[in-house]
Structure formats: structure tokens, C-alpha cells
Amino acid sequence: MELQATRPANPVEDAKWSPFHLKLTIYSSGGPFLDGYILSIVAVALTQLTPELHLDAMWSGLIGASALIGIFIGGLLGYVTDRFGRQLMYTIDFVLLIVASILQFFVHSAWELFALRVVLGIAVGADYPIATSLLTEFAPRKHRGMMLGVTVIAWYVGATVAYLVGQWLLPIGPDAWRYMLASSAVPGVVLVILRLGTPESPRWLLQQGRAREALKVLRDIYGPGASLKHIAVPDEKRTRTSYLTLFNRTYWKRTLYVGGFFTAAVAPLFAMLTFGPTLLDDYHVLSGSSGYGSAVISVLFIVGCVPALWLLNRLGRRATMIGSFAVMTIGMLLLGLFPKGPLWVIGLGFLLYALFSGGPNIMEWLAPNELFPTEVRGTAVGVTTCISRLGAVAGTYLLPWALARYGVGPTMLVGALVTFGGFLICLFLAPETRGLTLNAASVGEDAEIESASPLSERRLRVGR
């Protein structure tokens, strides 16, 4: 206990919650909000545009998965934010999103809509490594999990709003789907305005050798007591900005862990949300008003994220992930084994899967941002997002085909198998980063070492 008492304060990592942190969290949540909105609004729109554009199962799957394909491409731009900065792309990416959203209103063929939604996905996919890296690099260790967790909740808020907006717009008439798809331009414009003037990450500036600018940002945000030594990484721990770094001897297991559990979490999830109304119709639940039913499921995902924010700090990252995937697998098994079962069994299956997905969903952004250093943080977020979207694209594209060929029960059993794979990945690969500074979690150096303290994080933990 004495060792813990002598631990020097780090004005950056131990900073108090401030209005700046609140604003940055809200602004950075815009990308996930729009991701959830764009992916989910098409679920309601497909009920109208399928006969309007004469879509078969192949084109329904392609349009449902189109934004995910774009996110895969956009995720590769994480390398760009590591090379050229977070702030530069923080607003530019949404300009592209606004233009593509509006153009959806004027499409007359399936391939036009597919192409525009790929562009939308590129804009959203690029924003994930940009916004989450920027948010992580400003976040105090005590609030890091909560700040990244809010961005995940924003995804489900976006999905819920999309289902409600889609259901409300349906009475407009046969062209309501055009208004649904174009509506994502509205929050896009608001977010571009809000993000103007956001400062560059001091960690990135320091990594680029721009020490004077980094120090100015630090002191503007954290006060005169903040110093470059509070964020600096020792030279021997520095790494190169390169895709290959993610697969070197130090980081390949982290890349496998994050990409693996990320895929296992989103492949069934995105398929279920994209075709939520279709699934509910197959289960004979809320037929004719399945947009509202999908909104209820999205709310359950939001509810599940709230206790996960507490559990990740209380039980730790590892225990929360293992337990969450175990219960999620049970939920999917209920949906697969009892497709014609009583309503309470179907409801319990959705409930278990949705409520316990909170831990993995929050860790989708928290894990890559914690486990990789500043030089490759954006690259890591982008690459692991790309890996996960390959699974999500496959699940979303194949779902309508699987439902038509095999029915809802066997399709959900495949989802249970994928979810169980996530459990195994966490069981064998999940590390623990609770309570560590960003440098300690990513490169194995804590602030105490940086500030020339004789006490390392490891010794502090032994003394507790």
C-alpha cells in the first residue's frame, strides 16, 4: 500500500473529466452513430426498394452488405491517419459521406445504389481509426473505457433512430425509401460543423518530432503542469508506422486476438440488424411492424453496453469478454434450436445475445486502441476493422440466401458456432489491460518510467 501511495500523479493519464473530454467523446461518436444509422436504415428501405428496383436475393445481399464492403476499404486508411495526422481527416471524411447520402435519393438501379453505399462505407470506415485514435490519445486511463464505450453505444443509438425514422417514413408512399437513405446527410452536416477546430493529438505530434506543438496542445488541455515526459515513449520502445508491424513478433498475437473476436462479434450481429425486419417476420414476431421490433432489439444492445462499461473496469477486460461470449452463444443456440418455439424462448434468445454483447462491442474499439502504440494505432484499428468486416460482409450477404434455402433455425446455429469461436479466441488470447496507462498497455512502459521514477507499474501492482 505504501508503494501505491508514492506513485507520482500523471496530469495527462490521471486528468479529471472535463468539458473538452465530453465534447471530444460526443464528436468522435458521430462516426459510429452514422455507421449504425446507415447500416440499419437500409433494412427498412429494402422492404420498399426490393420490388421497386426488382432486386433478387443476390442484389438484396449485396446492397445490405455494400456499406460493410466500403468500411473494409475505408479501414485501410488507418495508415493514412498514422502518417498524416488525426485532425486533418477528422472532418474531410464526412464531406464524402454527405455527398453520397444525398445522391442515393436519385438512384434508378441496383448497381448505382450499391456503388454509393460502398462510398458511404468508405467514409465511415475511414472515420473509425481517425476518431477512435484521437479520442484514445486524449483519454485519461480512468475514463478511457467509458469514452470508447460511448462510441459503441452511439452505434446502437444510430441503429435505433434509423429503424424509427424508417418506420415513420414508410407512410409517405412508394418513394419513402429514397428519403430514408438520403436522411443520413442531416447528421453528417451537423457533425462536420461540430468537429471544426478540434486539436491534433499531442502524442501523434510528438511522434512526428513536432514537440513544441505537442506541448502547446497538452498545456491547453491539461494545464501548465503537463509535460512531454508524461506521454513520451522511450526510443527503444518506438516502432515504425507500417502494416507489417501489426504482424511482427511483438504484435501478431494482439492482431489475431482483436481481429478474431471482432469478427465473431459483428458477423452475426450485422446480419441480424441489416435484415432485422426479415428475421422477425420469419419468427412471426411483430409482422407488419418489424421496424419497431428491430428498434427494440437495438435498445437491448444499448442496455447491454451500460453494465459492460462498469464490468470492464471492475472484473477486467479478459473476464468480461470470456463471460460475454459464453452467454451470447447460449442466446444464439436458443434462436437456432427453437425457431418455432414459444415467444418467450425466442425473446430470451434475443435478450441474452443482445444484453451480453456489450462487453465485446465496447472492446471492439477499446482493445486495438489500447494494445497498439501511437505509430500504428490508427493502422491497427483500420486493419482489425477490415478483418472483422470480411466476416460481417459474408454474414450479411449470405443471410438472405441461407434463410431462403435452410430456414431461420439452421442459420442461427451457424451464428452460434461463430460466436463460440469468439469465446475460444478470448479464452486463449485475451490480455488484461485494466488500469494501465496507454503506454503501459501498448508498449510496456508506464508513466512512472517516463518520469524517471524508480517504481515501475509492475512493482506497483505487486505492492497492492
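This is a predicted model, so every value here is computed, not measured.

Undergrad: Any chance you could explain the environment of Thr-329 here in plain terms?
TA: Note that Thr-329 resides in helix α16 (residues 317-337). Exposure remark for Thr-329: the relative accessible area of 9% places this residue in the buried category. Sequence separation of Thr-329 and Phe-420 is 91 residues, and the distance between their C-alpha atoms is 5.7 Å. The contact partners of Thr-329, leaving out residues within four places of it in the chain, are Ala-416, Thr-419 and Phe-420.

Undergrad: It is not clear to me how empty space enclosed by the protein should be interpreted in this structure. Could you clarify?
TA: Empty space among the atoms becomes visible once a probe the size of a water molecule is rolled across them. Summed over all chains, the structure comprises 3 cavities of 30 Å³ or more. The calculated volume of the largest cavity comes to roughly 90 Å³. Around the largest cavity, the lining residues are Tyr-128, Val-152, Trp-155, Tyr-156, Phe-262, Val-266, Leu-269, Phe-270, Asn-361, Glu-364, Trp-365 and Arg-389. Mapped by element, the contributors of at least two residues to the lining of the largest cavity are α8 (141-169), α13 (252-274) and α18 (358-371). Top element by residues in the lining of the largest cavity is α13. It accounts for 4 residues. When grouped by side-chain class, the residues that make up the lining of the largest cavity number 9 nonpolar, 1 polar and 2 charged.

Undergrad: Help me understand the packing of aromatic side chains in this model?
TA: Centre distance and the angle of the planes are the two values used to describe a pair of aromatic rings. Applying the stated rule across the entire model yields 11 aromatic pairs. Between Tyr-128 and Trp-365, the ring centres sit 4.1 Å apart and the planes meet at 20°, which makes this aromatic pair stacked. Separated by 237 residues along the polypeptide, Tyr-128 in helix α7 (residues 110-138) and Trp-365 in helix α18 bring together distant segments of the chain. The buried category is assigned to Tyr-128, whose relative accessible area is 1%. Take Trp-365: its relative accessible area is 4%, and that puts it in the buried class.

Undergrad: What am I meant to see in the packing of helix α4 (residues 57-75) against α7 here?
TA: Two quantities define a packed helix pair, namely the angle between the helix axes and the distance between the axes. In contact at an axis separation of 6 Å, α4 and α7 are set at 35° when each is read in the N-to-C sense. Considering how the two elements wind past one another, α4 and α7 form a crossing that is right-handed. For the pair formed by α4 and α7, the contact residues are Trp-59, Leu-62, Ile-63, Ser-66, Ala-67, Ile-69, Gly-70, Ile-71, Ile-73, Gly-74 and Gly-75 on the first element and Ala-110, Trp-111, Leu-113, Phe-114, Arg-117, Val-118, Gly-121, Ile-122, Val-124, Gly-125, Ala-126 and Pro-129 on the second. Grouping the amino acids of the contact of α4 with α7 by side-chain chemistry returns 16 nonpolar, 6 polar and 1 charged.

Undergrad: Is there a simple way to think about the nonpolar core in this case?
TA: Soluble, globular proteins show a tendency: their nonpolar side chains are buried together. The biggest cluster of nonpolar side chains holds 124 residues, and the ones touching the most others in it are Leu-49, Tyr-257, Phe-261 and Phe-325. A per-element tally of this core places α7 first, with 13 residues. Apart from residues lying up to four places away in sequence, Leu-49 is in contact with His-54, Leu-55, Ile-63, Leu-113, Trp-177 and Leu-181.

Undergrad: I'm lost on the confidence of the model for the protein chain in this one. Help?
TA: Reading fine detail from the predicted coordinates is not recommended where pLDDT is low. Residues at a pLDDT of 70 or more form 86% of the protein chain, whose mean pLDDT is 81. Every residue in residues 1-6 scores below 50 in pLDDT, and together they form 8 contacts with partners more than four places removed in sequence or on other chains. Throughout residues 446-464 the model reports pLDDT below 50, and contacts reaching past four residues in sequence, or to other chains, amount to 43 contacts.

Undergrad: Would you take a moment to explain the pattern of salt bridges for this structure?
TA: Where charged atoms from two side chains of opposite charge approach closely, those side chains can pair. All chains considered together, the criterion is met by 10 salt bridges. For Glu-370, the salt bridge goes to Arg-144, with nearest N and O atoms at 3.0 Å. Taken together, the positions of Glu-370 in helix α18 and Arg-144 in helix α8 put the pair 226 residues apart, joining distant regions of the chain. A residue is classified by how much of its surface remains accessible, and Arg-144, at 1% relative accessible area, is buried. Salt-bridge contacts for Glu-213 lead to Arg-210; the nearest nitrogen and oxygen are separated by 2.8 Å.

Undergrad: Please clarify how the packing of helix α19 (residues 377-406) against helix α20 (residues 408-429) should be interpreted in this entry.
TA: One way to put it is that α19 packs onto α20 with a least axis distance of 7 Å and a crossing angle of 135°. Considered as vectors, α19 and α20 are oriented oblique to each other. Counted together, Leu-399, Ala-402, Leu-403 and Tyr-406 of α19 and Val-408, Pro-410, Thr-411 and Met-412 of α20 form the full contact between these two elements. Its residues assigned to classes, the contact of α19 with α20 comprises 7 nonpolar, 1 polar and no charged.

Reading the values: the criteria
- Residues numbered from 1 in each chain as written.
- Predicted model: local features only at pLDDT ≥ 70, side-chain atom pairs only at ≥ 80, totals over all residues.
- Heavy atoms only, no water.
- Helix = DSSP H or I, 4+ residues; strand = E, 2+ residues; numbered from the N terminus.
- Buried < 20%, exposed > 50% of the residue type's maximum accessible area, 1.4 Å probe, protein only.
- Contact = heavy atoms within 4.5 Å.
- 1 Å grid on protein atoms, 1.4 Å probe; cavity = no way out; pocket = protein on both sides within 12 Å on 5 of 7 lines; lining within 4 Å.
- Points joined across faces, edges and corners; volume = space filled by probe spheres on them.
- Nonpolar A, V, L, I, M, F, W, Y, C, P; charged D, E, K, R; others polar.
- Phe/Tyr/Trp six-rings, centres within 6.5 Å; stacked < 30°, edge-to-face > 60°.
- Axes fitted to C-alpha atoms, helices over the stretch in contact; angles between N-to-C directions.
- Left-handed = near helix turned anticlockwise from the far one by under 90°.
- Core = buried A, V, L, I, M, F, W, Y, C linked by side-chain atoms within 4.5 Å.
- pLDDT = per-residue confidence, 0-100.
- Salt bridge = Lys/Arg side-chain N within 4 Å of Asp/Glu carboxyl O.
- Parallel < 35°, antiparallel > 145°, perpendicular 65-115°, else oblique.

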